[in-house]
Amino acid sequence: QVLTLTAGQPAGGYYSGTGVVGSQQFDPALAGPGLHDIIYTYTQNGCVANVTAQITVTATPQASLAQILPQCVQNGAITLVQGTPAGGTYQGPGVNGNVFDPALAGVGSHTIRYVLSNGNCADTASTQVVVTAAPQASITALPMLCTDAGTRLLQGQPQGGNFSGPGVNFGVFNPLQAGPGVHEVRY
């Protein structure tokens, strides 16, 4: 941000030095990081007076934030480590410290920011994280079976899920392997 220089007295002089633009503005980006002499020159009745002041320009930190993988709303909270260099703070929906909780953020696309500050200057990087709703899974119930009834193909919706439980192997229920009793099959 360009600064207007106004400290020189008496009014009516001009400024010069590294980073000075025109006669009264200082551009820190043009000057670059470091200590810079700014000279105020005032002329009266042919006599010239100079006074020097120093301005310190601090380098702006460069924040970076890698992609955060999509999260399911029912997933537990995750620790955010995608921001670099270390030492910054995370901000956004569902963020508390360096932890992102999809349930607090809710379903949708959310902007997560990583703010890195060196005390004088700050930089912000951001990324989107998508929180998806939990799929609604269902399983077709099996009738009561005898242990010698043979295997049964399990059916669940939406397709693509996995079955587990006693006597379950690769989507097939084997009552003989499960044995007598009531068994829970999960999809």
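That block above? That's the structure.
Conventions used here
- Once a new chain begins, its residue numbering starts again from 1 and follows that chain's sequence as written.
- The predicted nature of this model means local features are confined to residues of pLDDT at least 70 and side-chain atom pairs, given and counted, to a pLDDT of 80 or more, with totals for whole chains, interfaces and linings taken over all residues.
- Each side-chain value is worked out from all heavy atoms of the structure, with water and hydrogens disregarded.
- When DSSP finds at least two bridges between two strands, those strands are taken to pair.
- Comment: elements are numbered from the N terminus, with helices defined as DSSP H or I runs of at least four residues and strands as E runs of at least two.
- Pairing of aromatic side chains here covers Phe, Tyr and the six-membered ring of Trp, requires ring centres within 6.5 Å, and sorts the geometry by plane angle: under 30 degrees stacked, over 60 edge-to-face, intermediate tilted.
- The cut-offs for exposure are 20% and 50% of the maximum accessible area for each residue type, with area from a 1.4 Å probe on protein chains only; residues under the lower value are buried, those over the upper are exposed, and the others partly exposed.
- For the purposes of these results, a polar contact is taken to be a pair of N or O atoms within 3.5 Å, where, inside protein, one atom must be able to donate a hydrogen and its partner to accept one; residues adjacent in sequence count only when each atom of the pair is a side-chain atom.
- Contacts are residue-level and defined by heavy atoms, with any inter-residue pair within 4.5 Å sufficient.
- By convention a nonpolar core is built from buried Ala, Val, Leu, Ile, Met, Phe, Trp, Tyr and Cys residues, the set being connected through side-chain atoms within 4.5 Å.

J.: Would you mind showing me how to read the sheet that holds strand E17 (residues 152-153) here?
T.: Either a parallel or an antiparallel arrangement is found when strands of a sheet pair, and the pairing is made through backbone hydrogen bonds. The strand order E17-E20-E19 describes an open sheet built from three strands, whose pairing is antiparallel. Every interior strand has two partners, whereas the edge strands, E17 and strand E19 (168-169), have only one.

J.: Would you take a moment to explain the packing of aromatic side chains for this structure?
T.: The description of an aromatic ring pair uses the distance of the two centres, along with the angle that the planes make with each other. In total, this model carries three aromatic pairs according to the counting rule given. Residues Tyr15 and Tyr40 carry aromatic rings whose centres are separated by 4.8 Å and whose planes lie at 50 degrees to one another, so their mutual orientation is tilted. A residue pair is termed long-range when its members are at least 10 positions apart, and Tyr15 in strand E2 (residues 14-16) and Tyr40 in strand E5 (residues 34-44) qualify at 25 residues. Measuring from centroid to centroid gives 4.6 Å for Phe163 and Tyr187, while their planes differ by 40 degrees, and the two rings are tilted. Placement of the pair is Phe163 in the loop between strand E18 (156-157) and E19 and Tyr187 in the segment after helix H3 (175-178), with a sequence separation of 24 residues. Note on Tyr187: relative accessible area 25%, which makes it partly exposed.

J.: Could you clarify how one ought to interpret the side chain of His36 in this entry?
T.: By secondary structure assignment, the location of His36 is in strand E5. When its relative accessible area of 10% is taken as the criterion, His36 is described as buried. Within the local environment of His36, its side chain forms a polar contact with the backbone oxygen of Gly32, the two atoms lying 2.7 Å apart. Excluding residues that lie within four positions of it along the chain, His36 makes contacts with Thr18, Ala31, Ala53, Gln54, Ile55 and Val57.

J.: Can you walk me through unusual backbone geometry in this structure?
T.: Generally, phi is negative for residues other than glycine and the peptide bonds are trans, each holding for most cases. In this structure, Pro10 follows Gln9 across a cis peptide bond, with omega equal to -10 degrees. Mapped onto the elements, Pro10 comes out in the loop between strand E1 (3-4) and E2. Gln157 connects to Pro158 through a cis peptide bond whose omega is -10 degrees. For Pro158, the location among the structural elements is in the loop between E18 and E19. Of note in the backbone geometry, Asn45 takes a positive phi value of approximately 55 degrees without being a glycine. Locating Asn45 in the fold gives a position in the loop between E5 and strand E6 (47-57). On the basis of relative accessible area, Asn45 is assigned to the exposed category, the value being 74%.

J.: Is there a simple way to explain the nonpolar core in this structure?
T.: Soluble globular proteins tend to bury their nonpolar side chains together. Counting residues in hydrophobic clusters, the biggest one holds 14 residues, and the most contacted among them are Leu65, Leu80, Tyr90, Val95, Phe100, Ile112 and Tyr114. If you list the elements that add at least two residues to this core, you get strand E14 (108-117) and strand E15 (122-132). Setting aside its immediate chain neighbours within four residues, Phe100 contacts Gln71, Ala77, Ile78, Leu80, Pro93, Gly94, Val95, Ala105, Ile112, Val129 and Val131. Counting nine residues, the second largest nonpolar core, distinct from the first, contains Tyr15, Phe26, Ala31 and Tyr42.

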